[in-house]
Amino acid sequence: MSMDITFLGTGSAYPSPTRGASALVLRREGECWLFDCGEGTQTQFMKSHLKAGRVTKIFITHLHGDHFFGLPGLLCTLSLQSSPDPNKPPVDIYGPLGLRNFIRRSMELSHSQLLFPYAVHELVPTRDQCPAEEFKEFSCLDRDEVSPQAAQGRILQLDPVENSYLLVEDEQLVLKAFRLFHRIPSFGFMVEEKPRTGKLNVQKLKDLG
């Protein structure tokens, strides 16, 4: 399995003419996994060798604007470049509790209709991830309201044994989220490649003594 990483933005607070806001792409097996989507991320895609249309998963570390204000625009641009396909799997979006509501309201208020399905999987934070006065309870936000384009996403709770959130697992890798302490609840993501069985030419070893 081959993987490579491209930094689309490393700036904080706001983008600049020479430095984009937070965004990173992990490319594997023809797919692009986007980590954070700060303002201007779609422009950074256009300047790079990557194709935004290959994004299949999006991971948002926390809900400060410089890490996810570019998401509605990117989703709408992907829709403009898409054609309706009922068999297309949804784009999976992972992030803190409240992200589903943000995307839904952004699409609703801008009268935007996405031509592809998406599913928002929300990570439930714990109260010790930020100062007590900054913690907000988002679990009651229109839980039963679903956008026409939104597939049913998961609500992910902390695994107390592993002290992490299992987000993705296939035969090649595991992707987990871990709690971080910040001014608001934040998460770090870890991609771990599974051990691979080596290919040992026994006969050749015997021939070499």
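Residues numbered from 1 in each chain as written. Predicted model: local features only at pLDDT ≥ 70, side-chain atom pairs only at ≥ 80, totals over all residues. Heavy atoms only, no water.

Student: Whenever I open this one, the overall build of the chain confuses me. Can you help?
Tutor: Each helix and strand counted, the chain has five helices and 11 strands in total. The C-alpha extent of the chain, read off along each of the three principal axes, is 70 × 40 × 40 Å. Sorting the 209 residues of the chain into buried and exposed places 44% on the buried side. Contacts spanning at least 24 positions in sequence make up 62% of the contacts within the chain whose residues lie at least 6 apart. Only carbon and sulfur atoms are counted for the fraction: they give 54% of the accessible area of the chain, which is about 12000 Å². Counting 23 positive and 25 negative side-chain charges, the chain places the centres of these two groups 5 Å from one another. (Helix = DSSP H or I, 4+ residues; strand = E, 2+ residues; numbered from the N terminus. Buried < 20%, exposed > 50% of the residue type's maximum accessible area, 1.4 Å probe, protein only. Contact = heavy atoms within 4.5 Å. Areas by Shrake-Rupley, 256 points an atom, 1.4 Å probe, with all protein chains shown as cover. Lys, Arg positive; Asp, Glu negative; His and termini not counted. Charge placed at Lys NZ, Arg CZ, Asp CG, Glu CD.)

Student: Can you walk me through helix 3 (residues 71–80) in this structure?
Tutor: Three- or four-residue spacings in an α-helix give side chains the same orientation, since the helix completes a turn every 3.6 residues. Where burial is concerned, most of helix 3 is hidden: seven out of the 10 residues are buried. What helix 3 keeps buried is the set L71, P72, L74, L75, T77, L78 and S79. In this structure, the buried side of helix 3 is in contact with strand 3 (31–35), helix 1 (41–47), strand 4 (55–59), helix 2 (65–68), strand 5 (91–96) and helix 4 (99–109).

Student: I would appreciate a short explanation of the pairing of strand 5 in the present structure.
Tutor: Burial analysis of strand 5 places six of its six residues in the buried class, the great majority of the element. Pairing geometry for strand 4 and strand 5, over three bridges, is parallel. Each bridged residue has a counterpart across the sheet, and for F59 the counterpart in strand 5 is Y94. Across six bridges, strand 5 lies against strand 6 (residues 118–123) in parallel orientation. Paired with Y94 across the strands is H121, a residue of strand 6. Remark: the strand 5/helix 4/strand 6 crossover connection has right-handed handedness. (Pairing = 2+ DSSP bridges. Right-handed = clockwise from strand over helix to strand, strands pointing away.)

Student: What exactly am I supposed to notice about the side chain of K176 here?
Tutor: Checked against the element boundaries, K176 lands in strand 10 (residues 173–180). Ignoring any residue separated from it by four or fewer positions in sequence, one finds K176 in contact with E162, S164, Y165, L166, L167, G188, F189 and M190.

Student: What's the story with the sheet that holds strand 10 in this structure? I'm lost.
Tutor: With antiparallel pairing, three strands are arranged side by side in an open sheet as 9-10-11. If you trace the sheet from one side to the other, it starts and ends with strand 9 (165–169) and strand 11 (186–193), each paired once. Neighbour-to-neighbour, the strand axes of this sheet turn through a mean angle of 25°, independent of strand direction. Examined bridge by bridge, strand 10 and strand 11 share eight bridges and lie antiparallel to one another. The residue of strand 11 that forms the bridge with L175 is V191. (Axes fitted to C-alpha atoms, helices over the stretch in contact; angles between N-to-C directions.)

Student: Help me understand the pattern of salt bridges, please; the structure alone is not making it clear to me.
Tutor: Where charged atoms from two side chains of opposite charge come close, those side chains can pair. Per the counting criterion, the structure on display carries 11 salt bridges. Salt-bridge contacts for D92 lead to K57; the nearest nitrogen and oxygen are separated by 3.2 Å. Taken as a pair, D92 in strand 5 and K57 in strand 4 lie far apart in primary sequence, 35 residues in all. Classification of D92 by relative accessible area gives buried; the value is 15%. (Salt bridge = Lys/Arg side-chain N within 4 Å of Asp/Glu carboxyl O.)

Student: What should I look at first to understand the packing of aromatic side chains in this one?
Tutor: Two numbers describe a pair of aromatic rings. These are the distance of the centres and the angle of the planes. In the structure shown here, the tally under the stated rule is eight aromatic pairs. Considering the side-chain rings of F59 and Y94, the 5.0 Å spacing of their centres and the 10° angle between planes classify their relative orientation as stacked. Of this pair, F59 sits in strand 4 while Y94 sits in strand 5, placing them 35 residues apart in sequence. On the basis of relative accessible area, Y94 is assigned to the buried category, the value being 3%. Their ring planes at 55° and their centres at 4.6 Å tell us that F68 and F102 sit as a pair that is tilted. With F68 in helix 2 and F102 in helix 4, this residue pair connects regions lying 34 residues apart in the sequence. Its relative accessible area of 5% is what places F68 among the buried residues. (Phe/Tyr/Trp six-rings, centres within 6.5 Å; stacked < 30°, edge-to-face > 60°.)

Student: Please explain the environment of D92 as it appears in this structure.
Tutor: Taking the C-alpha atoms as reference points, D92 and L71, 21 residues apart in sequence, are found 13 Å from one another. Residues in contact with D92, not counting those within four places in the same chain, are T56, K57, I58, A119 and H121.

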